Every structure is written in C-alpha cells, then in structure tokens.
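Descriptive analysis of the structure
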Amino acid sequence: MPQYTLSINGNPHTIEAESDMPILWVLRDLLGLMGTKYGCGMGLCGSCTIHLNGQAVRSCILPVANVGSGHITPIEGLANGPSNFLLDAWLSERVSQCGYCQPGQIMSAAALLLENLQPTDGEITAAMSGNLCRCGTYQRIREAIHRAAHSKSEQIKLQHDQDETK
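Residues numbered from 1 in each chain as written. Predicted model: local features only at pLDDT ≥ 70, side-chain atom pairs only at ≥ 80, totals over all residues. Heavy atoms only, no water.

1. A closer look at the overall build of the chain
Our working rule: In DSSP terms, a helix is any run of H or I states spanning at least four residues, a strand is any run of E spanning at least two, and both are numbered starting from the N terminus. Categorising residues by exposure relies on relative accessible area from a 1.4 Å probe, with only protein chains included: less than 20% of the type maximum marks a residue as buried, more than 50% marks it as exposed, and the intermediate range marks it as partly exposed. By definition in these notes, contact holds between two residues if any of their heavy atoms fall within 4.5 Å. Per-residue accessibility takes into account occlusion by the displayed protein chains alone, with areas from the Shrake-Rupley method and a 1.4 Å probe.
Helices and strands together make up the secondary structure of the chain, namely five helices and five strands. In sequence order, the chain lays out its α and β elements as β-β-α-β-β-β-α-α-α-α. Counting over 166 residues, the chain shows a buried share of 40%. For the chain, restricting intrachain contacts to residue pairs at least 6 apart in sequence, the fraction spanning at least 24 positions comes to 57%. Surface accessibility of the chain: about 8900 Å² in total, with carbon and sulfur atoms responsible for 51%.

Okay, here's the thing in structure tokens:
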C-alpha cells in the first residue's frame, strides 16, 4: 500500500492508504479528525469542505494521491487561527440548528474571507452556493460572514493605527 506524508494543520502525518482513498476518509478514519462530515459522497453538498492550500475543496472526492505537498486544513485547524472571527460570528448569529453542514459552511466562508474581506451579499451567495443546509439558515450564515468580515476589518484597522503611532 502506498505511503503519503500529508501536511495537516501545519503538521506532517505519514499514512498508508490506497491512492484513490478520499481525503475525507484519511482525516476521519486514519487520523481521527471527525469534524469534517460526510454528506453526499459526490462533492455536491459541501459538508466535507476542507482547505487545500487555502482553497475550499470537497474532501469526499479528493483522492489522497492528488494532494501531493499541499497543505490541508480541516475544520479543526480553524480553532486557533485567524478564523476565530468567523467562529465567534457563527455563535453570535446563532447560525447552527442541526449543525451537520456547519463545518463545511464555515470552511467555505473562511476561504471566502481569505480572498475578500468585504464581500457583498452576491459574492457570499456565490461563494456559499456549493454548501447545502437542510435547516435553511442561509440568512444567518450571510449575517455571520458579514459580522466576521467587519470584526476582522476593525482589528486590521486598529493594528494599522497602532503601528502608525509607534
């Protein structure tokens, strides 16, 4: 069986897996990282969204052999990073109902905010269109993304102002 060394949350992990094993199952079954969820198995619902080199990808259809030297960030990797604004906003807006799709929703939102810190409603809708929510919390998701973007922008402005006074 082939052996792969993967960079997950900035740490190397060496695993043995068939080359066509989806990263979803590597994360869950081989590494015990249970935050990424299985939804449809076809990359259509977004529940399995992770970041590969900062881009949102569907882990249920991404074979381990296609990752190469890429950097993988599943939902567990956001807890202590710059995406805390997003996690705080998610809680403030009470986005989650059943919660099943939320890891994928948060990962897609985090990828959007890495590229665009002032997204419009249309840009949010486009970025989140691949993530399905059975509970229909789309409006709260949009509000949480706006809240997180505003909080992050305020922090950047504050830090900039502090740097200028030095």
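2. A short note on the packing of aromatic side chains
Here is the rule we go by: Working definition: rings of Phe, Tyr and Trp (its six-membered ring) pair if their centres are within 6.5 Å, and the pair is stacked with planes under 30 degrees apart, edge-to-face with planes over 60 apart, and tilted otherwise.
Under the defined criterion, the tally for this structure stands at one aromatic pair. Geometrically, the ring pair formed by tryptophan 25 and tyrosine 38 is tilted, given 5.4 Å between the ring centres and 35° between the ring planes. Here tryptophan 25 is found in helix H1 (residues 23-30), whereas its partner tyrosine 38 is found in the loop between H1 and strand S3 (49-52), with 13 residues between them in sequence. Relative accessible area serves as the criterion here: at 35%, tyrosine 38 is assigned to the partly exposed category.

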